[in-house]
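These are the residues of each chain, in order.
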Amino acid sequence: MESFVVRYRNLLVLLALLVAQILGLAMQVRRANSGQGDGQEVRLIRLWANGIVSPPEKALHSTGSGVSGIWNNYFDLRHVRQQNAELQKTVDRLRLEQAALLEDAKQGQRLQALLGFQQKYIYTTMPAEVIGTSGTEQSRVFTINKGKKDGIDRDMAVITPEGIVGKVRDVFGHTAQVLAINDQTSGAGVIMESTRIRGILRGNAQGRPEIVDVISDQRIKQGDKVLTAGGDQIFPRGLPVGVVDFVVNDPERDGFVDVILKPAAHLDQLDEVLVITVTEPQFSKEQQQDIATSEALKGAEAEKQKTSEGMAEKLPGLIDPNLPADQQPLNDTSNPGFPTRPQAPLHPDRFTPTDAAPSAGAAQGSGQAQPKKPEPTKPAAPNTPAPQGDKQ
Amino acid sequence: MSVLSADARRDFEIHRYPALIYALVPVLAVVLQAWLPRLLGRFAWFDLPLVITVFFALSRRNPIQGSILGGILGIFEDALSGHPVGINGIAKTLVGYLAATVGILVNVENHAVRLIMTFLLSLVGSATYFFVVRFLLGMSVDTNWMSELYKAIGNSVIALVLFPLLDRTKIRD
């Protein structure tokens, strides 16, 4: 027995290692299937790996950023003053636009609350830098330099100004792992802007996001915009996801297609991202002032409308407050024609209205109006064709 | 390719390295594997932890050490990937074992042999990875074999450059 162990020591160790890892995998899959997250042991392994890899990654990232920062901040500053002035103008304009939009958003949210919707709006984001990747092509996970101590939490949406990027998968002290939308295990609810077709977004083997299990539809065209649907409780509604690149038939299901997208965000070249940390309204003092100004302007508009309504009430009108809406004089269509003429008097006098024009029947100083005599009808000419009705 | 007896090769050609190299090089491989794809994007066709596993397994000519090193590096990769821990671990455990076993049997000082071995072991690693994902875990993961082929070529090229550099650090008796 001892000689067997010694002789096949290498093979036995290999088998032991493989079996241990297979058992570990089985346990993880079982936990995942039962809806639980990583176990404590696996989480510990991830924490150690992250603790070992993140500091050198941060150092490498800082070194790279430092070198490029020296160049960008000290040497390459041409046209900055002009750009600054232009940007200031843009900021002023956007502040006013933002105030109006925030008001609309607040109103929309109130209405949605009334309707029982549970959708989210972006109110606070946290910028973060991408410092590393998963290192394997099969996994589209990357690491950002913000973690639990910065207020990052699991399942927070990660975006760029161009479009959505992914969601926070694991959070550590000073770093977090983000699962990108082009990972095969990711999922997000999306909707096509023009056709309103909904679907689930995930990544394919080539690292491209695709909408899966879509019923074949001729209306889906290349270039159609795709937005977040807002039903997954992670991504707020209406954020750009990408555009339709092409459509392929689902190899496993007849009548279904997979819609391959061109992502709006540059998923392969991410440097900085925004993590949506708060989806409840939190306005800065400046924003509150802007909103107050906007509301005051709207108040003045409302006051003007109220005044005009008051004036309308005082003036005689075609609206009778005592009558129901369908019997209002304004809606009375029974007398659409001309006013009825009074019957001819038995003894007309000089004040009796006639058909003749005033100047035609009564000469100045004549003292009596002449009633108009009917003109005699002329006989039809012999060669004049008779009307068609007369022929019969 | 000269074939010697296993005992003779193990006794006379086991390479030893400073402890710092054993500690630093694998960690650096994992760090660079996580950091470089950020710069290279989808053109990051290499697997540095696999290259390092093959290098130490070939140099040490010890299947147990090769298996353990491969397993640890693979588990580290899994921990960073967000996927279940053990997929890459199993693949690289097998690669480490095979590299060390072959290293006992053949002369791997030849650069061409190293290049071919790294290429083949990369493909073995990829095949094992997909086998585990698809058949053991039953996950629906599509396979892009062209990408795996490019990765195997990339690993071979890196091995061609890296192995001589690391050979310089070995302790000479």
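Cut-off values and rules
- Residues numbered from 1 in each chain as written.
- Chains lettered and ligands numbered in written order.
- Predicted model: local features only at pLDDT ≥ 70, side-chain atom pairs only at ≥ 80, totals over all residues.
- Heavy atoms only, no water.
- Helix = DSSP H or I, 4+ residues; strand = E, 2+ residues; numbered from the N terminus.
- Contact = heavy atoms within 4.5 Å.
- Areas by Shrake-Rupley, 256 points an atom, 1.4 Å probe, with all protein chains shown as cover.
- Buried area = accessible area lost by both parts, 1.4 Å probe.
- Salt bridge = Lys/Arg side-chain N within 4 Å of Asp/Glu carboxyl O.
- Nonpolar A, V, L, I, M, F, W, Y, C, P; charged D, E, K, R; others polar.
- pLDDT = per-residue confidence, 0-100.
- Phe/Tyr/Trp six-rings, centres within 6.5 Å; stacked < 30°, edge-to-face > 60°.
- Buried < 20%, exposed > 50% of the residue type's maximum accessible area, 1.4 Å probe, protein only.

Engineer: In this structure, what is going on with the overall build of chain A? I would like to understand it.
Structural biologist: Each helix and strand counted, chain A has seven helices and 12 strands in total. Long-range contacts, defined here as pairs at least 24 residues apart, represent 57% of the contacts in chain A between residues at least 6 apart. Accessible area for chain A stands at about 27000 Å²; split by element, carbon and sulfur atoms hold 56% of it.

Engineer: When you look at the interface of chain B and chain A in this model, what are you seeing that I'm missing?
Structural biologist: Counting from both sides, the interface comprises 50 residues of chain B and, opposite them, 45 residues of chain A. Of the roughly 4100 Å² buried at the junction of chain B and chain A (both faces included), carbon and sulfur atoms supply 62%. Along the contact surface separating chain B from chain A lie one salt bridge. Of the charged contacts, one joins B:Arg38 and A:Asp271 as a salt bridge, the two residues approaching to 3.0 Å between their closest N and O atoms. At the level of elements, helix H2 (19-40), helix H4 (63-81), helix H5 (87-105), helix H6 (111-136) and helix H7 (145-167) of chain B are the ones that each hand at least two residues to the side of chain B that touches chain A. In terms of residue count, H4(B) provides more of the side of chain B that touches chain A than any other element does, 11 residues in total. Classifying every residue of the side of chain B that touches chain A by side-chain character gives 28 nonpolar, 14 polar and eight charged.

Engineer: Teacher, can you tell me more about the confidence of the model for chain A here?
Structural biologist: Detailed conclusions should not be drawn from predicted coordinates in areas where pLDDT is low. Here chain A averages 78 in pLDDT, while 74% of its residues score no lower than 70. This stretch, residues 359-392 of chain A, has a pLDDT under 50; its non-local contacts, to residues over four places away or in other chains, come to four contacts.

Engineer: Before we go on, may I ask you to explain the packing of aromatic side chains in this structure?
Structural biologist: The geometry of an aromatic ring pair is captured by two quantities: the separation of the ring centres and the angle between the planes. All names here are of chain B. Inspection of every chain in the model, using the stated rule, returns 12 aromatic pairs over all chains. Aromatic pair Phe 131 and Phe 135: ring centres 5.5 Å apart, planes at 40°, arrangement tilted. Taken together, the positions of Phe 131 and Phe 135, both in helix H6 and four residues apart, correspond to about one turn of that helix. Residue Phe 131 is classed as partly exposed on the basis of its relative accessible area of 45%.

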